[in-house]
Amino acid sequence: MSISRRTARSVRILGVASATAALALGAAGNALACNISEFSAEAKCDGTKGIISVTDVDASGTSAVVSVFLENNGADVQKVGEQEVKGSRAGVTITFAEDWKPGATYRVHVKAGNLVDADIKGNVTAPSTACETESPSPSASETPKPSETPSSSASETPSANPSESESSAAPATPGDNAPSPAAGSSNLAETGANSNTPMIAGIAGALVVVGGGAVFFGMRRRGASKSS
């Protein structure tokens with residue numbers, strides 16, 4: 001059974017359309033695939049600290065491992081670090097803390113499955129100027145002290161008569177070196193307490209009585225002699 005011309009033409013058109021769609025899908029797939037050109041890196045400062053930043057603008061969001069190495073004369077000296085990143089059309093940036101020296105060179109390697117396994121083209125070179133360091137704040141010992149104005153105090157003025165204060169402070173010394181009377185003895189003498197006044201009064205009274213008796217007996221004896 002022979003195929004008509006019309007049918008053959010339809011089959012041919014369908015084949016061409018299928019091939020075109022396959023090419024379009026292949027081109028789109030290649031466009032979305034992860035590529036080393038979608039990665040960039042630079043050395044810069046984050047405040048006073050040095051960092052290496054890597055940006056991934058892979059729109060497919062393919063997971064990639066980024067490794068950073070310090071270079072010297074084309075050879076790896078030290079591995080700075082390794083991180084995983086998933087890019088986006090807007091770009092995703094990761095950073096590596098690195099106290100880089102001015103003019104230092106770094107190699108950045110990207111590994112994304114079977115799609116990418118290469119270094120970012122052109123090694124990263126640090127700026128020629130180091131990051132600014134914070135100026136140390138003056139300590140308390142370095143803070144200048146206010147100038148002290150000498151005040152005209154009494155201690156700076158010599159005493160007009162130093163001997164007066166010494167003489168007024170010195171206790172009075174009795175001239176005859178006799179012991180000073182005990183406290184309260186003068187009051188006792190004035191009131192008569194602790195004195196010989198009662199004893200003297202008693203003796204005087206006794207003498208008066210004795211004298212009166214002697215006078216009495218003497219007068220009796222004189223009268224008796226007259227009467228005899």
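Residues numbered from 1 in each chain as written. Predicted model: local features only at pLDDT ≥ 70, side-chain atom pairs only at ≥ 80, totals over all residues. Heavy atoms only, no water.

J.: What's the story with the pattern of salt bridges in this structure? I'm lost.
T.: A side chain of one charge can pair with a side chain of the opposite charge when the charged atoms of the two come close. The tally for this structure, following the rule as stated, stands at five salt bridges. As a salt-bridge pair, E71 and R107 come within 3.8 Å of each other at their nearest N and O atoms. Linking E71 in strand β3 (residues 63–72) with R107 in strand β6 (residues 105–112), this pair joins segments that are 36 residues apart in sequence. Across this residue pair, the class does not change: E71 and R107 are buried. Salt bridges linked by common partners bring E71, D76, R107 and D119 together as one network. (Salt bridge = Lys/Arg side-chain N within 4 Å of Asp/Glu carboxyl O. Helix = DSSP H or I, 4+ residues; strand = E, 2+ residues; numbered from the N terminus. Buried < 20%, exposed > 50% of the residue type's maximum accessible area, 1.4 Å probe, protein only.)

J.: What is the right way to read the pairing of strand β7 (residues 116–119) from this model?
T.: In summary, the side chains of a regular strand alternate between the two faces of the sheet. Alignment of β6 against β7, held across four bridges, turns out to be antiparallel. Residue pairing in the sheet places K111 in a bridge with D117 of β7. (Pairing = 2+ DSSP bridges.)

J.: I tried to follow the sheet that holds strand β2 (residues 49–56) on my own but got confused; where do I start?
T.: Adjacent strands of a sheet pair through backbone hydrogen bonds, lying either parallel or antiparallel. Spatially, β1-β2-β5 is the arrangement adopted by the three strands of the open sheet, whose pairing is antiparallel. Here the strands that pair on one side only, and so sit at the sheet edges, are β1 (39–46) and β5 (92–97). Pairs of neighbouring strands in the sheet enclose a mean axial angle of 25°, with direction left out of account. Relative to β2, β1 runs antiparallel, the two sharing eight bridges. Looking at the pairing, K44 lines up with I51 of β2. (Axes fitted to C-alpha atoms, helices over the stretch in contact; angles between N-to-C directions.)

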